[in-house]
Amino acid sequence: MWKLKVANSEGPFSKWLFSTNNFVGRQIWEFDPDAGTLEERAEVERARDEFYRNRFEVKPCGDVLLRLQQLRNNKGEFDLSIPTVKLTDDEDVTYEATTTTVKRAVQFFSAIQLDDGHWGADCAGPLYFMPPLVFALYITGTLHTMLSTEHIKETLRYMYCHQNEDGGFGFHIEGHSTMFGTTLNYICMRILGLGPEDGLDNACSRARNWILDLSLKTNFCRF
């Protein structure tokens, strides 16, 4: 299971790292095959499945795995049992309802605060960051030195989750499919070991078909 480490100087290249603030704000996801109980692993898989099923409606990940980890770590330290306040259009906003909502929010955000004091967040969105990194590692012959099997698995999962319904990829996760985004991510999937017809829900063939269809319609390129 993946675990988020914060303000940590560990890692395979730690001897080259330097910090003037003890690595405050640094976030590292590390895979531990023995981490988590069966229930915790099942919870993570449910979250992944739910995100994939709803990926076209809600495209940002919402830091779900980070929140699950922090809520597990801080279980018992904060009161997370405060009920949600729901008011209909014809109900007045009372002092009690407002106070309960604020208390609930304070407890929740306290529970997901990271150990060094900051609130972590996913730095994602553009779909042209990861493919060039994979290209560079492949060209330099260090792909499998730098990326473990689990890293490759999650890299592919990220692309599966942000492939558009038409098979293409956008400039960013909220964007319509573009030739730029689709070719980058298609090549990335192939370099990471997928065959022409491989990938979750035929990800590779769908992306390739999008590229070929647009090429024929616009005479974008000749084969």
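Residue positions are given per chain, counted from 1 along the sequence in the order it is written. Whole-chain, interface and lining totals are the exception, using all residues; otherwise, since this is a predicted model, local features are given only for residues with pLDDT of at least 70 and side-chain atom pairs are given and counted only at 80 or more. Processing note: side-chain calculations cover all non-hydrogen atoms of the structure and skip hydrogens and water entirely.

**Student:** Got a sec to walk through the nonpolar core? Specific residues and values, please.
**Tutor:** Among buried residues, the Ala, Val, Leu, Ile, Met, Phe, Trp, Tyr and Cys ones that are joined through side-chain atoms within 4.5 Å form a nonpolar core. For each residue, the accessible area found with a 1.4 Å probe, counting protein chains only, is set against the maximum for its type, and the residue is called buried under 20%, exposed over 50%, and partly exposed in between. The biggest cluster of nonpolar side chains holds 27 residues, and the ones touching the most others in it are L156, M159, Y160, M189 and L192. Going along the chain from the N terminus, every DSSP run of H or I of four or more residues is numbered as a helix, and every run of E of two or more is numbered as a strand. Counting only elements with at least two residues in this core, the list comes to α1 (38-53), α4 (130-139), α6 (149-161), α7 (179-191) and α8 (203-218).

**Student:** I'd like a rundown of the packing of aromatic side chains, residues and numbers included.
**Tutor:** Centres within 6.5 Å make a pair out of two Phe, Tyr or Trp rings, where for Trp the six-membered ring is used; the pair is then stacked when the planes are under 30 degrees apart, edge-to-face when over 60, and tilted otherwise. Taken as a whole, this structure holds six aromatic pairs when the rule is applied. Seen from their ring centres, Y128 and F180 are 6.3 Å apart, and the 50° between their planes marks the pair as tilted. One end of the pair, Y128, is in the loop between α3 (95-111) and α4; the other, F180, is in helix α7, and 52 residues separate them in sequence. Relative accessible area serves as the criterion here: at 44%, F180 is assigned to the partly exposed category. Taken together, the aromatic side chains of Y128, F129, F171 and F180 make up a single cluster linked through ring pairs. Lying over the aromatic face of Y52, R55 brings its terminal NZ or CZ to 3.7 Å of the ring centre. Our definition puts a charge over a ring when NZ of Lys or CZ of Arg is within 6 Å of the ring centre and also within 35 degrees of the ring normal.

**Student:** Could you give me a rundown of the UniProt feature "domain: Squalene cyclase N-terminal" (unreviewed entry) in the chain, with the residues and numbers involved?
**Tutor:** UniProt positions are given in the numbering used here, feature names are shortened, and annotations may be inferred rather than shown by experiment. Taking the UniProt record as the reference, the feature "domain: Squalene cyclase N-terminal" (unreviewed entry) is found at residues 102-213. Note that residues 102-213 is 54% helix and 4% strand, and that its end C-alpha atoms are spaced 52 Å apart.

**Student:** I'd like to hear about α1, residue by residue, with values.
**Tutor:** Under the convention used throughout, the expected extent of a helix is 1.5 Å for every residue step, that is, one less than its residue count. Between the first and last C-alpha of α1 there are 22 Å, a value that for 16 residues agrees with the 22 Å anticipated at 1.5 Å per step. Buried residues of α1: V44, A47, R48, F51 and Y52, and no others. Viewed end-on, α1 has its buried residues packed into an arc of 130°, placing them on one side of the element. Turned more than 90 degrees off the buried face of α1, the exposed positions are L38, E39, R46 and R53. For this quantity, the arc is that covered by the directions from the helix axis to the C-beta atoms.

**Student:** So, the packing of α4 against α7: which residues are in play, and what are the values?
**Tutor:** Every angle, taken between N-to-C directions, lies between 0 and 180 degrees, and every axis is a line fitted to C-alpha atoms, over only the stretch in contact when it is a helix. Packing of α4 against α7 leaves a shortest axis separation of 9 Å and a crossing angle of 40°. As far as their axial angle goes, α7 and α4 are oblique. In the crossing of α4 with α7, the sense of the turn from one axis to the other is left-handed. Residues P131, V134, F135 and Y138 of α4 form the contact with α7, whose participating residues are L184, N185, I187, C188 and I191. Residues are grouped as follows: nonpolar covers Ala, Val, Leu, Ile, Met, Phe, Trp, Tyr, Cys and Pro; charged covers Asp, Glu, Lys and Arg; every other residue, Gly included, is treated as polar. Looking at the contact of α4 with α7, its residues break down into eight nonpolar, one polar and no charged. Angles below 35 degrees are treated as roughly parallel, those above 145 as roughly antiparallel, those between 65 and 115 as roughly perpendicular, and all remaining angles as oblique. By the definition used in this description, the sense in which the near helix is turned from the far one sets the handedness, with an anticlockwise turn below a right angle giving left-handed and a clockwise turn giving right-handed. It only takes one pair of heavy atoms within 4.5 Å for two residues to be counted as in contact.

**Student:** I'd like a rundown of the environment of E197, residues and numbers included.
**Tutor:** Structurally, the position occupied by E197 is in the loop between α7 and α8. In this structure, the C-alpha to C-alpha distance between E197 and R46, residues 151 residues apart in sequence, is 26 Å. If sequence neighbours within four positions are ignored, E197 has contacts with N202, S205 and R208. Looking at E197, its side chain comes within polar contact range of the side chain of R208, at 2.8 Å. Nitrogen and oxygen atoms within 3.5 Å of one another constitute a polar contact, given that in protein one can donate a hydrogen and the other can accept it, and given that sequence-neighbouring residues count only through two side-chain atoms.

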